[in-house]
Amino acid sequence: MTTTLSTVPDVKATAPIQQQLADRGLPPAEHYLDSGYPSAELIETARSRGTVMVTPVLLDRSAQAKSHAGYDKSAFRIDWKARRVRCPQGNTSTGWRGAGQRERRRHRRRVR
């Protein structure tokens, strides 16, 4: 069991919980979570370690998704390990870096 301050987002607790279980020799094959705990990066990291995160993923609330104009996030293919993104037109990203201080708290990346 893990307890955090109320100001700490749930997503920040996911990796430490999985690590605590692994340290005790109890890595979960499946980890059931509510929608506050996952991120794409955490889901991929857990998968690479043999854990399937069973969790709802929040819907895309971007302007593109709401208006059905342009491309929403689901249209892009992300290769987290290679740090590359492919757009719906087949172009591949040329750069990948962490976002600004405020955005880092939300696990955002800037991709060119």
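Reference entry: report on the structure contained in this document. Remember, predicted model here, so these are calculated numbers, not experimental data.

1. Brief notes about the overall build of the chain
Inference 1: Counting secondary structure elements, the chain contains four helices and six strands.
Inference 2: Along the chain, from the amino end to the carboxyl end, the secondary structure elements read α-β-α-β-α-β-β-β-α-β.
Inference 3: Looking at the 112 residues of the chain, the share that counts as buried comes to 19%.
Inference 4: Expressed as a percentage of contacts within the chain between residues at least 6 apart in sequence, the contacts between residues at least 24 apart total 23%.
Inference 5: Carbon together with sulfur atoms contributes 51% to the accessible area of the chain, which is approximately 8,700 Å² in total.

2. Observations regarding the pattern of salt bridges
Inference 1: Following the criterion strictly, the structure yields one salt bridge and no others.
Inference 2: Note that Arg 47 and Glu 44 form a salt bridge whose closest N and O atoms lie 2.3 Å from each other. Here Arg 47 pairs with Glu 44, and both are found in helix H2 (residues 40-48), just three residues apart, close to one helical turn.
Inference 3: We classify Glu 44 as partly exposed; its relative accessible area is 28%.

3. Considering the side chain of Gln 18
Inference 1: Assignment of secondary structure puts Gln 18 in helix H1 (residues 11-23).
Inference 2: The exposure class of Gln 18 is buried, given its relative accessible area of 11%.

4. Overview of H1
Inference 1: Those residues of H1 that sit buried are Val 11, Ala 13, Thr 14 and Gln 18. Along the axis of H1, the buried positions cluster into a sector of 130°, meaning they face one direction only.
Inference 2: Packing partners of the buried residues in H1 comprise strand S1 (30-32), H2 and strand S2 (52-54).
Inference 3: Gly 25, located one to two residues past H1, shows a positive phi value of around 75°.

Cut-off values and rules
- Residues numbered from 1 in each chain as written.
- Predicted model: local features only at pLDDT ≥ 70, side-chain atom pairs only at ≥ 80, totals over all residues.
- Heavy atoms only, no water.
- Helix = DSSP H or I, 4+ residues; strand = E, 2+ residues; numbered from the N terminus.
- Buried < 20%, exposed > 50% of the residue type's maximum accessible area, 1.4 Å probe, protein only.
- Contact = heavy atoms within 4.5 Å.
- Areas by Shrake-Rupley, 256 points an atom, 1.4 Å probe, with all protein chains shown as cover.
- Salt bridge = Lys/Arg side-chain N within 4 Å of Asp/Glu carboxyl O.
- Arc of directions from axis to C-beta.

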